[in-house]
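Chains, contacts and geometry: an overview
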Amino acid sequence: MGNLIKVLTRDIDNNAGNFFLDFENAQPSAAERQVWEEVNRVLAEGLVILDDLQNYKGAGEEIRQAIQSPAEERIQERAWSAVVPLVGKLKKFYEFSQKLESSLKVLLDALTSSACSPTQHLEQDQALARQFAQILHFTLRFDELKMTNPAIQNDFSYYRRTISRMRINNLADEGNEVNNELANRMSLFYANATPMLKTLSDATTKFVSDNSDVPVENTTDCLSTMASVCKVMLETPEYRSRFASEETVMFCLRVMVGVIILYDYVHPAGAFVKTSKIDMKGCIRVLKEQPASSVEGLLNALRYTTKHLNDETTSKQIKNMLQVN
């Protein structure tokens, strides 16, 4: 496990390019292949989901006109026709969160088994570690896009109000592909500021409780090691210069924040306590060294979606570092 250990201990030599987790090019070994292929199908769909979300425009104007002209049947029909396919997309996003949750559990199962240490897993199963990172990257990116698009909740709220009105008036709601139970679950999902992150946090916590035969340290050490690797690669020019794409910097930053948040939920004492295996001051420092516009969403994720930041055990220095200027 020398390569990864050298990243963590910053033991840099002339072959530094071999000593980081290869988020750009890691390919599956024969042992990883089955899990990798299963997860890869979900990640491929994730790219389509992000594209759809990025291009999600909403039906704001149609809804506004419908609210202003409640007696105009033609305007009501136009708004309904605009909203129904959008809700179909929102349903697809929600259902994808469940697929992502399943993939996360499959990867955690592989990366935390007692066959070897979490550090050895991350080094030997680099293709799976890369997929774990890709899930976290997707999650943070999805939530960033969702938080900046109020049309999502507005469209779904209008849809639910209209369906409710149809039921009261005994009108058929043809084309309604979201039944009441599913609509309730989707409402809870989209009401959360960071719905994908909450899905992963809950899934990781459940994974630990469902697998009592696996020491919790296997999971927390996997997460803290991933955070350490990201931090060291980002702050060390010898490693950072080996990224083929500048986008890998943002990828590493999102992954680092993602694993910190998961660690904070899974570890009984959280990520901010003095005995935490994550160097929180170092991680925050790395974030703050980036252009403010590119990392504000990630700093906000640490401020508002972690579990233990406001505990008394969190040092004043860390709290001050995360204060909004």
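Structure: above.
A brief look at the structure comes next. Computed from a predicted structure; not experimentally measured.

Here we look at the pattern of salt bridges
The final tally for this structure, using the stated rule, is 15 salt bridges. The residue Arg185 makes a salt bridge to Glu181 at a minimum N-O spacing of 3.8 Å. Taken together, the residues span about one helical turn, with Arg185 and Glu181 both in helix 8 (residues 180-191) at a distance of four residues. What makes Arg185 partly exposed here is its relative accessible area of 34%. Of the charged contacts in the structure, one is a salt bridge between Lys231 and Asp279, with a shortest N-O distance of 3.4 Å.

A closer look at the packing of aromatic side chains
Per the counting criterion, the structure on display carries nine aromatic pairs. Ring centres of Tyr94 and Phe189 lie 5.4 Å apart, and the angle between their planes is 70 degrees; this geometry places the pair in the edge-to-face category. Taken together, the residues Tyr94 in helix 4 (residues 73-111) and Phe189 in helix 8 connect sequence positions 95 residues apart. Aromatic pair Phe96 and Phe138: ring centres 5.1 Å apart, planes at 65 degrees, arrangement edge-to-face. Of the two residues, Phe96 is situated in helix 4 and Phe138 in helix 6 (residues 126-147); the sequence distance between them amounts to 42 residues. Comparing Phe96 with Phe138 shows no difference in burial state: the two are buried. Members of the aromatic cluster, each reached through a chain of ring pairs, are Trp80, Tyr94, Phe156, Tyr159, Phe189 and Tyr190.

Here we look at the environment of Ala129
With respect to the element layout, Ala129 can be found in helix 6. Separated by 18 residues in sequence, Ala129 and Leu111 place their C-alpha atoms 7.6 Å apart. For Ala129, the contacting residues outside a window of four places in its chain are Leu21, Phe23, Leu111, Leu122 and Met226.

Structural notes on the environment of Leu309
Relative to the helices and strands, Leu309 is located in the loop between helix 14 (292-304) and helix 15 (316-321). Between the C-alpha atoms of Leu309 and Leu108, which are 201 residues apart in sequence, the distance is 25 Å. Residue contacts for Leu309: discarding those within four places in its chain leaves Asp264, Phe272, Leu302, Arg303, Thr314, Ile318, Lys319 and Leu322.

Things to note about the packing of helix 10 (residues 216-235) against helix 13 (residues 280-288)
At a minimum axis distance of 10 Å, the contact between helix 10 and helix 13 shows a crossing angle of 45 degrees. Accordingly, the angle class assigned to the pair helix 10 and helix 13 is oblique. Helix 10 and helix 13 meet at a crossing whose hand is left-handed. Every residue of helix 13 that contacts helix 10 at Lys231, Leu234 and Glu235 is listed here: Gly282, Cys283 and Val286. Of the residues in the contact of helix 10 with helix 13, the class split is three nonpolar, one polar and two charged.

Conventions and cut-offs
Counting starts from 1 at the beginning of each chain's written sequence and moves along it residue by residue. Thresholds applied to this predicted model are a pLDDT of at least 70 for local features of residues and 80 or more for the giving and counting of side-chain atom pairs; totals over whole chains, interfaces and linings are not thresholded and use all residues. Side-chain calculation: all heavy atoms of the structure are included, whereas hydrogens and water are not. Salt bridge criterion: a side-chain nitrogen from Lys or Arg within 4 Å of a carboxyl oxygen from Asp or Glu. In this text, helices come from DSSP runs of H or I with a minimum length of four residues, and strands from runs of E with a minimum of two, each type numbered from the N-terminal end. Three exposure classes are used, based on accessible area relative to the maximum for each residue type with a 1.4 Å probe and protein chains only: buried under 20%, partly exposed in between, and exposed over 50%. Between rings of Phe, Tyr and Trp, where Trp is taken as its six-membered ring, a pair exists when centres lie within 6.5 Å; planes separated by under 30 degrees are stacked, by over 60 edge-to-face, and by other angles tilted. Between two residues, a contact is recorded if the distance between any of their heavy atoms is within 4.5 Å. Angular values range over 0 to 180 degrees, each being the angle between N-to-C directions of two axes fitted as lines to C-alpha atoms, with helices fitted over their stretch in contact. The cut-offs work like this: below 35 degrees is roughly parallel, past 145 is roughly antiparallel, 65 to 115 is roughly perpendicular, and the gaps in between are oblique. The hand of a helix crossing depends on one turn: near helix anticlockwise from the far one by less than a right angle means left-handed, and clockwise means right-handed. Residues are grouped as follows: Ala, Val, Leu, Ile, Met, Phe, Trp, Tyr, Cys and Pro are nonpolar; Asp, Glu, Lys and Arg are charged; every other residue, Gly included, is polar.

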